[in-house]
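Fold and geometry: a report
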Number of protein chains: 2
Amino acid sequence: MNYFAPSVETLIDEFAKLPGIGRKTAQRLAFHVLNLPEADAQRFAQAITGARASVHTCQKCQNLTDSDLCPICSNPARDAQTVCVVADPKDVAAFEKTREFKGLYHVLHGTISPLNNIGPEDIRIRELLQRIAEDNVQEVIIATNPDTEGEATAMYLARLLKPFGIRITRLAYGIPVGGHLEYIDEVTLTRALEGRREL
Amino acid sequence: MNYFAPSVETLIDEFAKLPGIGRKTAQRLAFHVLNLPEADAQRFAQAITGARASVHTCQKCQNLTDSDLCPICSNPARDAQTVCVVADPKDVAAFEKTREFKGLYHVLHGTISPLNNIGPEDIRIRELLQRIAEDNVQEVIIATNPDTEGEATAMYLARLLKPFGIRITRLAYGIPVGGHLEYIDEVTLTRALEGRREL
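Residues numbered from 1 in each chain as written. Chains lettered and ligands numbered in written order. Predicted model: local features only at pLDDT ≥ 70, side-chain atom pairs only at ≥ 80, totals over all residues. Heavy atoms only, no water.

**Here we look at the interface of chain B and chain A**
To be explicit about the condition: Throughout, a contact is declared for two residues whenever any of their heavy atoms are within 4.5 Å. Accessible surface is computed with a 1.4 Å probe, and the buried area is the amount of it that two parts give up when combined, taken over both parts together. The rule for a salt bridge is simple: a side-chain nitrogen of Lys or Arg has to be within 4 Å of a carboxyl oxygen of Asp or Glu. Strands here mean DSSP runs of E at least two residues long; helices mean DSSP runs of H or I at least four residues long; both are numbered from the N terminus.
Facing 49 residues of chain B, the contacting portion of chain A comprises 49 residues. Among the residues chain B hides against chain A, the three largest losses belong to B:Tyr3, B:Ile48 and B:Arg52. Together they make up 16% of the total. Our count for the contact surface shared by chain B and chain A stands at four salt bridges. Of the charged contacts, one joins B:Arg52 and A:Glu38 as a salt bridge, the two residues approaching to 3.7 Å between their closest N and O atoms. For the side of chain B that touches chain A, the element with the most residues is helix α3 (residues 38-54) of chain B, which contributes 14 residues.

This is the structure in structure tokens:
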């Protein structure tokens, strides 16, 4: 049963397709948009089509960008010899927020996941190999998530990159800053113990 | 600092303007849209502009509609003598879901709220008076929310409609079905006691 005008229902349906947006929230968002000034609604729609049309992946690091090379790859101040491999563009943003990493990135756009039928050829591994072969990369930091698929992808990459004779590192495991020991799982605690350092 | 391509940032900004959508969720939604097939993104944008352009208020009940008269007002099977007055189009949907109410609605599009500078002339009260004067309305059910502003609006309307000599009712107060008595506030419980019925 539809209780709203057809175009309102269509709008609610579209919002409800978004991840994590249920029917009620979709309703709330749709009514918000209906109450917007016409120009604001136009701008919102324009942002969707605009972003979808203009965004593609950087030739080099595969991150999403509007230009041929992304701002990070085209910045001469960055250290091109160090490449941080991440699964997702959002991870690049996470690293950039630290303001600590000065190297370049490589975005895989996924992790190897046999259960979801995602093999090594479905993510941007070929482009990574090509970069390492062509550019003077000295270190590859594998920064996939510390979950099953991220670990498997890291292992696979480490083996694949070994013949290049470059440094291959993985992010340190340990207790998160500000965490409480009592709430930390045993695996993390074991890793933190293994990785302990002299003070 | 912007960590994403400009058009991606624009899209995230637009999502973040929606009510109840924070920056992180906006990011997630924006990336979802970027991963949609082009046609789906187009359809989403189209739904926004389409709904915003075609939706207006029903001549009679002021509910949102695509046509001159909304489907409820133009349905001859509905009882035009009973008008249920609600604050918001979403409230119409709530009543329609019960499948119990056979009358028509009147959507005020707000409640009287001196704190927010919303007076009786800012909501669709004039249209309600006109309807009662012109059509053969026998009963007005005031179904504004049971909060301060909803109550004040109900009181105001009741006084305003008195001269018409028609039946003016308000929704019953009481304990919600499935509720637990221990969690119900005293005011509601008092009202439930006052409104008790013979079994």
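Further notes follow.
**Describing the state of the cysteines**
Here is the rule we go by: Any cysteine sulfur atom paired with another within 2.5 Å is treated as part of a disulfide.
The final tally for this structure, using the stated rule, is zero disulfides over all chains. For the unlinked cysteine A:Cys70, the closest cysteine sulfur is that of A:Cys61, found at 3.6 Å.

**Points about the packing of helix α5 (residues 125-134) of chain B against helix α6 (residues 148-161) of chain B**
Residue and element names in this part refer to chain B. Counted only if it meets this: Orientation is described by axes fitted as lines to C-alpha atoms, over the contacting stretch for helices, and by angles from 0 to 180 degrees between their N-to-C directions. Should the near helix be turned anticlockwise from the far one by less than a right angle, the crossing is left-handed, and should it be turned clockwise, the crossing is right-handed.
Between α5 and α6, whose axes approach to 12 Å, the crossing angle comes to 35°. Between α5 and α6 lies a crossing whose hand is right-handed. In this structure, α5 uses Ile-125, Leu-128, Leu-129 and Ile-132 to contact α6, whose residues at the interface are Tyr-156, Leu-157, Leu-160 and Leu-161.

**Topic: the packing of aromatic side chains**
Heads up, the condition is: Whether two aromatic rings pair depends on their centres lying within 6.5 Å, for rings of Phe, Tyr and Trp, where Trp uses its six-membered ring; planes under 30 degrees apart make the pair stacked, over 60 edge-to-face, and the rest tilted. Exposure classes here rest on a 1.4 Å probe applied to the protein chains alone. A residue is buried below 20% of its type maximum, exposed above 50%, and partly exposed in between. Charges are assigned to positions over rings by a cutoff of 6 Å between ring centre and Lys NZ or Arg CZ, combined with an angular limit of 35 degrees from the ring normal.
Overall, the coordinates contain 13 aromatic pairs over all chains when judged by the stated rule. Where A:Phe101 meets A:Tyr105, the ring centres are 5.2 Å apart and the plane angle is 55°; that geometry is what we call tilted. Among the residues examined, A:Phe101 registers a relative accessible area of 14% and is labelled buried. Site record: aromatic cluster; members linked through ring pairs are A:Phe15, A:Phe44, B:Phe15 and B:Phe44. In this structure, A:Arg191 packs its charged tip against the face of A:Tyr173, placed 4.4 Å from the ring centre.

**As for the nonpolar core**
Going by this rule: Here, the term nonpolar core denotes a set of buried Ala, Val, Leu, Ile, Met, Phe, Trp, Tyr and Cys residues that are joined through side-chain atoms within 4.5 Å.
Core analysis: the largest hydrophobic core is formed by 50 residues, its most contacted members being A:Leu11, A:Phe15, A:Ile48, B:Leu11, B:Phe15 and B:Ile48. Counting residues per element, the ones that place at least two in this core are α1 (6-16), α2 (23-34) and α3 (38-54) of chain A together with α1 (6-16), α2 (23-35) and α3 of chain B. Setting aside residues up to four positions removed in sequence, A:Leu11 forms contacts with A:Ala30, A:Val33, A:Leu34, B:Ala47, B:Ile48 and B:Ala51.

**Overview of α2(A)**
Note: α-helices contain 3.6 residues per turn, so residues at a spacing of three or four share the same orientation. The condition is simple: By this rule, a helix spans an expected 1.5 Å times one less than how many residues it contains.
Over its twelve residues, α2(A) runs 16 Å from end to end, which matches the ideal 16 Å to within 8%, given 1.5 Å per residue. Every buried residue of α2(A) is listed here: A:Ala26, A:Gln27, A:Leu29, A:Ala30, A:Phe31, A:Val33 and A:Leu34. Where α2(A) is buried, its residues touch α1 and α3 of chain A together with α3, β2 (64-65) and α4 (89-98) of chain B.

**What to know about the pairing of strand β3 (residues 79-86) of chain B**
Residue and element names in this part refer to chain B. Counted only if it meets this: Paired strands are those between which DSSP finds at least two bridges. For crossovers, right-handed means that the path from the first strand over the helix to the second runs clockwise, given strands pointing away from the viewer.
With five bridges joining them, β3 and strand β4 (residues 103-107) adopt parallel strand pairing. Within the sheet, the bridge partner assigned to Val-83 lies in β4 and is Leu-104. With respect to chirality, the unit in which β3 leads through α4 into the neighbouring parallel β4 is right-handed. Of the pairings in the sheet, the one linking β3 to strand β5 (residues 139-142) comprises four bridges and is parallel in character. Bridge assignment links Cys-84 to a residue of β5, and that residue is Ile-141.

**Considering the relation of the copies chain B and chain A**
We apply this condition: Each copy is superposed on the other by least squares, with the fit set by C-alpha atoms of residues at a pLDDT of at least 70 in both.
Relative to chain A, chain B is turned by 180° and slid 0.1 Å along the rotation axis, the superposed coordinates differing by an RMSD of 0.2 Å. Given the turn and translation reported, the copies of this chain are related as if by a two-fold rotation axis. Using C-alpha coordinates, one finds that chain B approaches the rotation axis most closely at B:Ala45, a distance of 2.2 Å.

**Observations concerning the environment of B:Ala16**
Residues and elements named next belong to chain B. Mapped onto the fold, Ala-16 is located in helix α1. Residue Ala-16 is classed as partly exposed on the basis of its relative accessible area, which comes to 27%. Residues Ala-16 and Ser-113, spaced 97 residues apart in sequence, show a C-alpha to C-alpha distance of 27 Å. Apart from the residues within four sequence positions on either side, Ala-16 is in contact with Ile-21, Arg-23 and Ala-26.

**As for the sheet that holds β3(B)**
Residues and elements named next belong to chain B. With parallel pairing, the four strands of this open sheet are ordered in space as β4-β3-β5-β6. Edge strands, defined here as strands with exactly one partner in the open sheet, are β4 and β6 (167-170). In this sheet, adjacent strand axes meet at a mean angle of 25° when their direction is disregarded. Strand contacts of α5: β3, β4 and β5, with the helix running at about 150° to β4, the strand carrying the most contacts.

**A few points about a nonpolar patch on the surface**
We count it as follows: The patches described consist of residues with a relative accessible area above 30% and no salt bridge, like charges being joined within 9 Å and nonpolar side chains (Val, Leu, Ile, Met, Phe, Trp, Tyr) within 5 Å. Reported accessibility uses the Shrake-Rupley method at a 1.4 Å probe radius. Residues are deemed covered only where the shown protein chains occlude them.
Where nonpolar side chains cluster on the molecular surface, the patch consists of A:Ile175, A:Leu181 and A:Leu189 and spans about 270 Å² of accessible area. Along the chain, the position of A:Leu181 falls in the loop between β6 (167-170) and α7 (186-194).

**Looking at the sheet that holds strand β3 (residues 79-86) of chain A**
All names here are of chain A. Across the sheet, which stays open at both edges, the four strands sit in the order β4-β3-β5-β6 with parallel pairing between neighbours. Strands at the two margins of the open sheet, each flanked by one partner only, are β4 (103-107) and β6. Looking at each pair of strands side by side, their axes are set apart by 25° on average, direction ignored. Where helix α6 (residues 148-161) meets the sheet, its contacts fall on β3, β5 (139-142) and β6, and the angle it forms with β6 comes to roughly 170°.

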